[in-house]
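# Coordinates in review
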Amino acid sequence: SMKNSGIVFFGIDKNGEYTVSALKETTEFSKKMIDFKALSDNGLKEVAEKIAPNYSGYKKNENEVYIVQDIVSYYAEEQRPARQYITVKNSSFYVFTFVFNSENLGEKEIAEAEAVMNDIGISVENNNITLQSTVIILLILGISLLAVYIAITLIKDIKNRRKADN
């Protein structure tokens, strides 16, 4: 059963290079896990194989341990490279998804995602995700998918105008 789930935030990079969204979901599995930080490396590997078959590795910072997965996202029939960071904290899943406005996932894209993830903290007390990062122009909290769709359309518009200007 899923309660307490939904998009926590949605952000757009200043230059329209990517969008980032955070999804929170509480499931029976996440309630058992409690926190990825408590897992051994072996335990983390087992969980990764179970929940993220395309996982490419892990990211660990002071507060969180993430399983990293590279996927393809489909927006308006266009394929886009995407990278997901998945963690369990305080018995809930948090999934951060970066979708890039590029042909493929290269070093530049990975560096951008990593920079944002280094700035993200999940505060358990009030269930907030804190973002110290200034790279994101638009941060909508607790939003609808309609807003996401509008935002994506905006990005495309910005991108197309840039191309026209160059």
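Let me sum up the structure you'll find in this document. Keep in mind that this is a model prediction, so the values were computed, not measured. (Residues numbered from 1 in each chain as written. Predicted model: local features only at pLDDT ≥ 70, side-chain atom pairs only at ≥ 80, totals over all residues. Heavy atoms only, no water.)

## Looking at the pairing of strand E4 (residues 65–75)
One ladder, built from five bridges, connects strand E3 (residues 55–60) with E4; its direction is antiparallel. In the strand pairing of E4, Gly57 is matched with Val68. Between the end of E3 and the start of E4, which pair antiparallel, lie four residues. Across nine bridges, E4 lies against strand E5 (residues 78–89) in antiparallel orientation. Residue pairing for E5: Gln69 is matched across the bridge by Gln84. (Pairing = 2+ DSSP bridges. Helix = DSSP H or I, 4+ residues; strand = E, 2+ residues; numbered from the N terminus.)

## Quick notes on the nonpolar core
Ranked by internal contacts, the top residues of the largest apolar core, which has 16 residues, are Phe9, Tyr66, Tyr85, Phe96, Phe98, Met117 and Ile120. Going through the elements one at a time, strand E1 (3–13), strand E2 (18–26), E4, strand E6 (92–100) and helix H3 (107–118) are the ones with two or more residues in this core. The element best represented in this core is E6, accounting for four residues. In terms of nonpolar packing, the next biggest core, distinct from the first, is built from 12 residues, Met33, Ala48, Ala52 and Ile67 among them. (Core = buried A, V, L, I, M, F, W, Y, C linked by side-chain atoms within 4.5 Å. Buried < 20%, exposed > 50% of the residue type's maximum accessible area, 1.4 Å probe, protein only.)

## Some words on the environment of Val116
Along the chain, Val116 turns up in helix H3. By relative accessible area, which is 1% here, Val116 ends up buried. Remark: the alpha-carbon pair of Val116 and Asp13, spanning 103 residues in sequence, is separated by 10.0 Å.

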